[in-house]
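# Examination of the molecular architecture
Below are the chains, spelled out letter by letter.
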Amino acid sequence: MSTPTSTISPRIPIGVEPATPIIIFQEVSISFDQKPVLREISFQLERGETKAIFGVAGAGKSTILKLALGLMKPDSGRILVLGEDVTAMKEEDLFELRRKVGMVFQESALFDSLNVRDNVAFRLIEEGQTPPEEIEQRVREALSFVELQNTVDLFPSELSGGMRRRVAIARAIITHPEVILYDSPTGGLDPVTSTTIIELIVKQRDVYGTSSLLVTHRLQDAFMMASHYFDKESGHMWPIKDDPKRKIPMKFLILRDGKIIFDGDVQELEKCKDEYIEEYIS
Amino acid sequence: MELISPTDFAKGKIESLQEYSALAGNSIVSLFGRPRYFADMIQQADLIGFGSLPIVVLTGFFTGAVLTLNSANSLERFGSLSLLGQLVSVGMVRELGPVLTGLMVAGRNSSGMASELGSMIVTEQIDAMRALGTDPMKKLVAPRVASTVIMLFFLTIISDLLGLVGGSAVASLLLGLDYRQYWSSAWQILKFQDVFMGLLKPLVFGFIISTIGCYYGLSAKGGTQGVGRATTQAVVASSVIILLVDFFITKFLMAMFGYS
Ligand SMILES: Nc1ncnc2c1ncn2[C@@H]1O[C@H](COP(=O)(O)OP(=O)(O)OP(=O)(O)O)[C@@H](O)[C@H]1O
Ligand SMILES: [Mg+2]
């Protein structure tokens, strides 16, 4: 793999060069059956940052996440993930890169022939480098992270939608990837479960410094993430107003008609005068 | 109904053919690549091999039996009933054993693969697998292809044997013929060429059944309805292709071995 620009070099150890973006989209376009879904969109995800992506149903949010993983190829433009150009990589080479990225699918996409343990452990079992006892322990760890310790032997069909979503999160975090892509993790859930999931994502962000793209329909979820931080000692998230010096790495991105109409932080979003965005926020 | 222009139709067909060839080729390459999925292969072999055993036993036995009934009737008219064992054995080993076993397994497993992989496609489980860094070609397709080829080979042998047993049962119980004469003529007539042809076919058919099943499954589109469609198409396509390919293999091998 040759690196196209001098500013981007692959495999930088964490913390050495914090300025290198984790994900870069450069003028990416894609259309399905002649219908353009994304039109030359460009944005970046910085290291340690969480970027929430908004847009109406069918705006192309899930498509962005699938493009970032190389599950689909754009019609034009370039996508760099962890310094590697996924648009130019062959499927065989992508598997290596994908191991460093976690993804939570919109409909969870758990393997229904496997129980919760094997779903969560899938990556570790496939990599084949972890002894069984350690796998078991890490599965329990990941499941206790999402507060589902008692479901290890159940099958996905025996879980509720919210539980499935949390198992999917456990499956994505078990290897502590540098980047996690969440596709509507709170979609269709009750407020209590949603808050639990938000707290999980905030925990992942503040405890492990994971960078993430987060697709959501609910603006209030993203606002909550932008205004709360996770406190390791108490094991809960707290509103930022208790600690105003704290800076939260949270960005917002709004899609409309295949274009990015907003890309910035909360303050900028609140100041934004665009009618559509004002309507969206209210 | 939407009208499609003939060129688009042809383009679509050629594209599917290309995709299928890519999958078929890739499945062979994956068999030799790493990682290998032995556990998945054993699981599939169990599902395909032991799962299909009852139907293969029944089809084999009754095909042999009915072939004997029919042949006995025809041979009697020519006054050469002693050839019965030979007729049944050549017919079973060269043609009916492989083809009928192939068709039964196509009906059972090609559809099973298409619906399983199809459901995995429409519920994004295949995408999830790719996202988790595992190649579905290696994890799902290659073990299915390998175990279908191997198991169909053995199932065909079982079917051939049961066909002969069925024939012998009819010959001795219903027609009152000497079963020792039946068996000795059945064994003696078989030449290397017959056995070779009869054992090459299941290898080819197994490859067709599994790659077609996987291909239709992996190209399923449009929710559960799409999975249903993929399943039907897989059975129809694999059955028809088995019968077509059977003709060409037979013709080719006959030419090669110089049968008259
Ligand atoms: N594989 C595909 N084949 C054809 N069209 C597709 C495909 N994937 C997405 N699309 C189309 O692309 C558009 C964007 O889809 P996408 O799933 O990205 O939307 P989304 O923003 O995630 O919507 P939602 O909020 O409902 O999840 C939709 O109009 C959809 O019909
Ligand atoms: Mg979506």
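Cut-off values and rules
Residues numbered from 1 in each chain as written. Chains lettered and ligands numbered in written order. Predicted model: local features only at pLDDT ≥ 70, side-chain atom pairs only at ≥ 80, totals over all residues. Heavy atoms only, no water. Helix = DSSP H or I, 4+ residues; strand = E, 2+ residues; numbered from the N terminus. Polar contact = N/O pair within 3.5 Å; in protein donor to acceptor, adjacent residues only side chain to side chain. Contact = heavy atoms within 4.5 Å. Near = heavy atom within 4 Å. Areas by Shrake-Rupley, 256 points an atom, 1.4 Å probe, with all protein chains shown as cover. Nonpolar A, V, L, I, M, F, W, Y, C, P; charged D, E, K, R; others polar. Patch = residues over 30% accessible without salt bridge, like charges linked within 9 Å, V, L, I, M, F, W, Y side chains within 5 Å. Salt bridge = Lys/Arg side-chain N within 4 Å of Asp/Glu carboxyl O. Buried < 20%, exposed > 50% of the residue type's maximum accessible area, 1.4 Å probe, protein only. Pairing = 2+ DSSP bridges. Axes fitted to C-alpha atoms, helices over the stretch in contact; angles between N-to-C directions. Donors = N, O, S within 2.8 Å, 3.2 Å for Na, K, Ca; no water. pLDDT = per-residue confidence, 0-100. Expected span 1.5 Å × (residues − 1). Phe/Tyr/Trp six-rings, centres within 6.5 Å; stacked < 30°, edge-to-face > 60°. Lys NZ or Arg CZ within 6 Å of the ring centre and 35° of its normal.

## Quick look at the side chain of A:Ser62
Residue and element names in this part refer to chain A. Of note, Ser 62 is situated in helix H1 (residues 61-68). A polar contact is formed between the side chain of Ser 62 and the side chain of Asp 183, at a distance of 2.7 Å. Ignoring any residue separated from it by four or fewer positions in sequence, one finds Ser 62 in contact with Gln 106 and Asp 183.

## Comments concerning the site of ligand 1
All names here are of chain A. Close contacts around ligand 1 come from 13 residues, with Lys 61, Ser 62, Thr 63, Gln 106 and His 217 the closest. Between Lys 35 and ligand 1, the recorded distance is 2.9 Å, taken from a side-chain N or O atom to an oxygen atom. Separating an oxygen atom of ligand 1 from a side-chain N or O atom of Thr 63 is a distance of 2.5 Å. In isolation ligand 1 has 630 Å² of accessible area, and contact with the protein removes 64% of it. It is H1 that provides the largest number of residues to the shell around ligand 1, a total of three residues. Split by residue class, the shell around ligand 1 holds five nonpolar, six polar and two charged.

## Regarding a nonpolar patch on the surface
Residue and element names in this part refer to chain B. Side chains of Val 66, Leu 69, Leu 173, Leu 174 and Leu 175 sit close together on the surface and give an oily, nonpolar patch of about 490 Å² of accessible area. Within the residue set of the nonpolar patch, elements represented by two or more residues are helix H2 (38-78) and helix H5 (136-174). One can find Leu 173 in helix H5. Note on Leu 173: relative accessible area 72%, which makes it exposed.

## A look at the sheet that holds strand S8 (residues 211-215) of chain A
Residues and elements named next belong to chain A. Here six strands make up an open sheet; going across it, the order is S6-S7-S8-S3-S11-S12 and the pairing mixed. Two strands close off the open sheet at either side, each with one partner strand: strand S6 (101-104) and strand S12 (259-264). Strand after strand, the sheet turns through a mean of 15° between neighbouring axes, direction not considered. Relative to strand S11 (residues 250-256), strand S3 (residues 50-54) is paired through five bridges, and the arrangement is parallel. From the neighbouring strand, Ile 53 faces S11, where its bridge partner is Leu 253. Packing against the sheet, H1 makes contact with S3, S6, strand S7 (179-183), S8 and S11, and its axis sits at approximately 150° to S7.

## Brief notes about the pairing of strand S1 (residues 23-32) of chain A
Residues and elements named next belong to chain A. Summarising the sheet, S1 and strand S2 (residues 35-45) pair through seven bridges and their orientation is antiparallel. Looking across to S2, one finds that Ile 30 is bridged to Leu 38. Between S1 and S2, which pair antiparallel in sequence order, lie two residues; one of them, Asp 33, sits at a positive phi of approximately 45°. Relative to strand S4 (residues 76-81), S1 runs antiparallel, the two being bridged by five bridges. Of the residues in S4, the one forming a bridge with Ile 23 is Val 81.

## A few points about the coordination of the magnesium ion (ligand 2)
Within the protein, A:Ser62 (OG) and A:Gln106 (OE1) serve as the donor atoms for the magnesium ion (ligand 2), at 1.9 to 2.2 Å. With A:Ser62 in helix H1 and A:Gln106 in the loop between S6 and helix H3 (116-120), this residue pair connects regions lying 44 residues apart in the sequence.

## Here we look at the pattern of salt bridges
All names here are of chain A. Taken as a whole, this structure holds 24 salt bridges over all chains when the rule is applied. Between Glu 136 and Arg 140 there is a salt bridge, with its nearest N and O atoms 3.1 Å apart. Highlighted residues: Glu 136 and Arg 140, both in helix H5 (residues 132-145), separated by four residues, approximately one helical turn. Its relative accessible area of 40% is what places Arg 140 among the partly exposed residues.

## Focus on the confidence of the model for chain A
Low pLDDT means the predicted coordinates in that region are not meant to be read closely. Of all residues in chain A, 91% have pLDDT values of 70 or greater, and the mean over the chain is 86. pLDDT under 50 marks residues 1-16 of chain A. Its contacts with residues more than four places away, or in other chains, come to 23 contacts.

## A few points about the sheet that holds S4(A)
Residue and element names in this part refer to chain A. Strand order in this open sheet of four strands is S2-S1-S4-S5, and the pairing throughout is antiparallel. The open sheet terminates on both sides in strands that have one partner only, identified here as S2 and strand S5 (84-85). Contacting S1, S2 and S4, H1 crosses the sheet at an angle of about 120° to S1.

## Considering helix H1 (residues 6-32) of chain B
Residue and element names in this part refer to chain B. The end-to-end C-alpha distance of H1, which contains 27 residues, comes to 40 Å, matching closely the 39 Å that a straight helix rising 1.5 Å per residue would cover. Looking only at H1, the buried set comprises Tyr 20, Leu 23, Ala 24, Ser 27 and Ser 30. The inward-facing, buried residues of H1 abut H5 and helix H7 (192-218).

## What about the side chain of B:Lys139?
Among the structural elements, B:Lys139 can be located in helix H5. Among the polar contacts made by the side chain of B:Lys139, one reaches the side chain of A:Glu126 at a distance of 3.2 Å. With residues near it in sequence (within four places) discarded, B:Lys139 still touches A:Phe122, A:Glu126, B:Tyr37, B:Asp40, B:Met129 and B:Thr134.

## With respect to the packing of aromatic side chains
Taken as a whole and assessed by the stated rule, the structure comprises 14 aromatic pairs over all chains. Each ring, one from A:Phe111 and one from A:Phe122, has its centre 4.7 Å from the other, and the planes form 40°; the classification is tilted. With A:Phe111 in the loop between S6 and H3 and A:Phe122 in helix H4 (residues 122-127), this pair connects stretches of sequence that are eleven residues apart. The exposure class of A:Phe111 is buried, given its relative accessible area of 2%. On the basis of relative accessible area, A:Phe122 is assigned to the buried category, the value being 5%. Seen from their ring centres, B:Phe247 and B:Phe248 are 5.3 Å apart, and the 80° between their planes marks the pair as edge-to-face. Here a set of aromatic residues connected by ring pairs shows up, and it is made of A:Phe54, A:Phe223 and A:Phe252. Stacked on the ring of A:Phe145, the Lys or Arg A:Lys203 has its end atom at 4.1 Å from the ring centre.

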